[in-house]
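# Observations on the model geometry
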Amino acid sequence: MPNIKEIVVSALLEAAENVSTKEALANLGAGVDFDLAELGLESLHKMQIIMHIEEVLDIELDIDDVSEQETLGALVDFVTGKVGSN
Amino acid sequence: MSDAVNVYDLGDIAMILGTANCAPVSCSDGHRIIGNHLDLDVSEILAVAQHIPLCLRGDAHLAARRRIAEIISASSTQTRAVVEREITAMIADLLTPGHHDVMQEFVTPLVNKLIGETVGVPLHLSEDTLVSRLFSHTIGISKRKRMNTELRELRQAISAELPHLNDIEVGDRLALCILGSDAMRGTLARSLHTIFESGSSAPDDPALTETYSKTGVPFIDREALESVEIEGQERKAGTILRSRLEAFEHSDDPKVRNRFFGFGIHTCLGRTLALQVWRQIQKGLDEKNVAVSVTAFALRKDDTFHIPETFELEVHLA
């Protein structure tokens, strides 16, 4: 089983590095559970995150499902469920 | 499109779809923006969108609609023959005692045959085909890539089967596959479901049998080009008005229910064929008249179509 949290954090960091505050990036880098809205990501950033996760894990995600995940922990759990169901 | 205004009033829906002051909404802008941002090949999606009337405006809309209507009209004798030849036998197979997957055994093969006959190419679209997901705003990147590939393969298959066609004619046939597949499968399957839920293949309830009772196309979007009053409220120019066609499902009057096929110049071009199909299905269901129970039914997660992902049936001798 791949380290899903690592993959999700990496995808978020890649999309957020030029748009999010230092504090939000620090939270992300530390892997603590926090509100993803703090990253200030727009819909195109979310698409970038989805593409990264889909490619690394070879799964299919929908935008609305990903957008519904409010925290890092929720997103990791959601992606883990998707990997498990494949 | 999450800020679209839902419209349920039947009169307002008729007005929105009947006036030139409310225009179709592009189905390709989102794909284009995402494709550019992520350097994604969405060329097939963008190309075929230029052939889909309900995504085009003005003269382009009228021209595409006229071309597609001509294709449907030119194939009407053949499609009618398919309806008369195939449906009774397919219904008889579906209603033999035992367990049945309605989508796999009946709905998808029938729709493939009908659209295939219309476009002049044998179609083998699978249960999970993505061709009609072109209208979706929520599918992710993998599905967009898969859709683009599926559309390319379908376009190549049409070109190979009908080499005399030019690019526009091929694109129109591809558009027909997109327009017909999930809309027809959803409408047919959901309406069959309401019948089979009664416990019989031939319930004594004209509200279920006279025409389709459910639609696979729950809404259609239009952009208000001028300020317009909807359900007593003024909506400014630029507002996306989401006409909930599913509102017509609640009528007991078959004529009213059939309005979920649209109005005027926005009437579904497949309406006549769809109604022929339903009449033939009813004949088949009446002839068999067996006891049925729906053992599994679930709609696919989909932001544009209402179409079953699972629809299973147990047929018993009455």
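Structural data are supplied above this passage.
The shown structure was predicted, so the numbers you read here are calculated from the model rather than taken from an experiment.

### Section: the packing of aromatic side chains
Residues and elements named next belong to chain B.
- Applying the stated criterion across every chain yields a total of 6 aromatic pairs over all chains.
- Judged by centre distance (5.7 Å) and plane angle (50°), the ring pair of Phe260 and Phe261 falls under tilted.
- Owing to a relative accessible area of 4%, Phe260 belongs among the buried residues under this scheme.
- Judged by its relative accessible area of 9%, Phe261 is buried.
- Measuring from ring centre to ring centre gives 5.3 Å for Phe297 and Phe311, while their planes differ by 85°; the resulting arrangement is edge-to-face. In this pair, Phe297 sits in strand S8 (residues 291-299) while Phe311 sits in strand S9 (residues 308-316), placing the two residues 14 residues apart along the sequence.
- Linked through ring pairs, Tyr212, Phe260, Phe261 and Trp278 together constitute an aromatic cluster.
- Directly above the aromatic system of Phe219 lies the positively charged group of Arg242, at a separation of 4.0 Å from the ring centroid.

### Digging into the packing of helix H5 (residues 76-94) of chain B against helix H6 (residues 102-119) of chain B
Residue and element names in this part refer to chain B.
- Relative orientation of the contacting elements H5 and H6 amounts to 170°, with a least axis distance of 10 Å. Of the possible angle classes, the one that applies to H5 and H6 is roughly antiparallel. Contact with H5, carried on its side by Gln78, Thr79, Val82, Val83, Glu86, Ile87, Met90, Ile91 and Leu94, involves Val102, Glu105, Phe106, Pro109, Leu110, Lys113, Leu114, Glu117 and Thr118 of H6 and no other residues of that element.

### Topic: the sheet that holds strand S3 (residues 98-101) of chain B
All names here are of chain B.
- One open sheet holds the 3 strands; their spatial order is S3-S9-S8, and the pairing between them is antiparallel. Looking at which strands have only one partner, the edges of the open sheet turn out to be S3 and S8. With direction set aside, neighbouring strand axes in the sheet form an average angle of 15°.
- Sheet analysis places S8 next to S9, joined by 8 bridges and oriented antiparallel. Looking at S9, one finds that Val294 is bridged to Leu313.
- Together, S8 and S9 form the strand contacts of helix H8 (residues 167-196), whose direction differs from that of S9 by roughly 40°.

### Describing helix H7 (residues 141-161) of chain B
- Over its 21 residues, H7(B) extends 30 Å from the first C-alpha to the last, a length consistent with the 30 Å expected when each residue adds 1.5 Å.
- Every buried residue of H7(B) is listed here: Ile141(B), Ser142(B), Lys143(B), Arg144(B), Met147(B), Asn148(B), Glu150(B), Leu151(B), Leu154(B) and Ile158(B).
- Contacts made by the buried residues of H7(B) are with helix H3 (43-57) and helix H4 (63-67) of chain A together with helix H2 (29-38), helix H3 (43-49) and H8 of chain B.

### Some points on empty space enclosed by the protein
Residues and elements named next belong to chain B.
- Evaluated as defined, the whole model comprises 1 cavity of 30 Å³ or more.
- Of the pockets and cavities examined, the largest cavity occupies roughly 950 Å³.
- Along the walls of the largest cavity sit 46 residues, with Leu54, Leu179, Ala183, Val217 and Cys268 positioned nearest its centre.
- Sorting the residues of the lining of the largest cavity by element identifies helix H4 (58-74), H6, H8, strand S4 (220-224) and helix H11 (271-288) as the ones contributing at least two each.
- Tallied by class, the residues present in the lining of the largest cavity amount to 29 nonpolar, 12 polar and 5 charged.

### Points about the interface of chain A and chain B
- With 14 residues of chain A at the contact, the number on the chain B side is 16 residues.
- Taken together, both faces of the contact between chain A and chain B bury some 1,300 Å²; the carbon and sulfur share is 56%.
- The shortest N-O distance in the salt bridge between Asp62(A) and Lys143(B) comes to 3.3 Å.
- Seen at the junction of chain A and chain B, the total is 10 residue pairs in polar contact (both at pLDDT 80 or more).
- Those elements that place two or more of their residues in the side of chain A that touches chain B are H3 and H4 of chain A.
- Sort the elements by how many residues they give to the side of chain A that touches chain B and H3(A) lands first, with 7 residues.
- Grouping the amino acids of the side of chain A that touches chain B by side-chain chemistry returns 7 nonpolar, 1 polar and 6 charged.

### Comments concerning the pattern of salt bridges
Residues and elements named next belong to chain B.
- Applying the stated rule across the entire model yields 21 salt bridges over all chains.
- The salt bridge involving Glu86 is made with Lys113; its shortest N-O contact spans 2.9 Å. Taken as a pair, Glu86 in helix H5 and Lys113 in helix H6 lie far apart in primary sequence, 27 residues in all.
- One network of salt bridges, in which partners are shared, links Arg133, Asp182, Arg185, Arg300 and Asp302.

Parameters at a glance
Residues numbered from 1 in each chain as written. Chains lettered and ligands numbered in written order. Predicted model: local features only at pLDDT ≥ 70, side-chain atom pairs only at ≥ 80, totals over all residues. Heavy atoms only, no water. Phe/Tyr/Trp six-rings, centres within 6.5 Å; stacked < 30°, edge-to-face > 60°. Buried < 20%, exposed > 50% of the residue type's maximum accessible area, 1.4 Å probe, protein only. Helix = DSSP H or I, 4+ residues; strand = E, 2+ residues; numbered from the N terminus. Lys NZ or Arg CZ within 6 Å of the ring centre and 35° of its normal. Axes fitted to C-alpha atoms, helices over the stretch in contact; angles between N-to-C directions. Parallel < 35°, antiparallel > 145°, perpendicular 65-115°, else oblique. Contact = heavy atoms within 4.5 Å. Pairing = 2+ DSSP bridges. Expected span 1.5 Å × (residues − 1). 1 Å grid on protein atoms, 1.4 Å probe; cavity = no way out; pocket = protein on both sides within 12 Å on 5 of 7 lines; lining within 4 Å. Points joined across faces, edges and corners; volume = space filled by probe spheres on them. Nonpolar A, V, L, I, M, F, W, Y, C, P; charged D, E, K, R; others polar. Buried area = accessible area lost by both parts, 1.4 Å probe. Salt bridge = Lys/Arg side-chain N within 4 Å of Asp/Glu carboxyl O. Polar contact = N/O pair within 3.5 Å; in protein donor to acceptor, adjacent residues only side chain to side chain.

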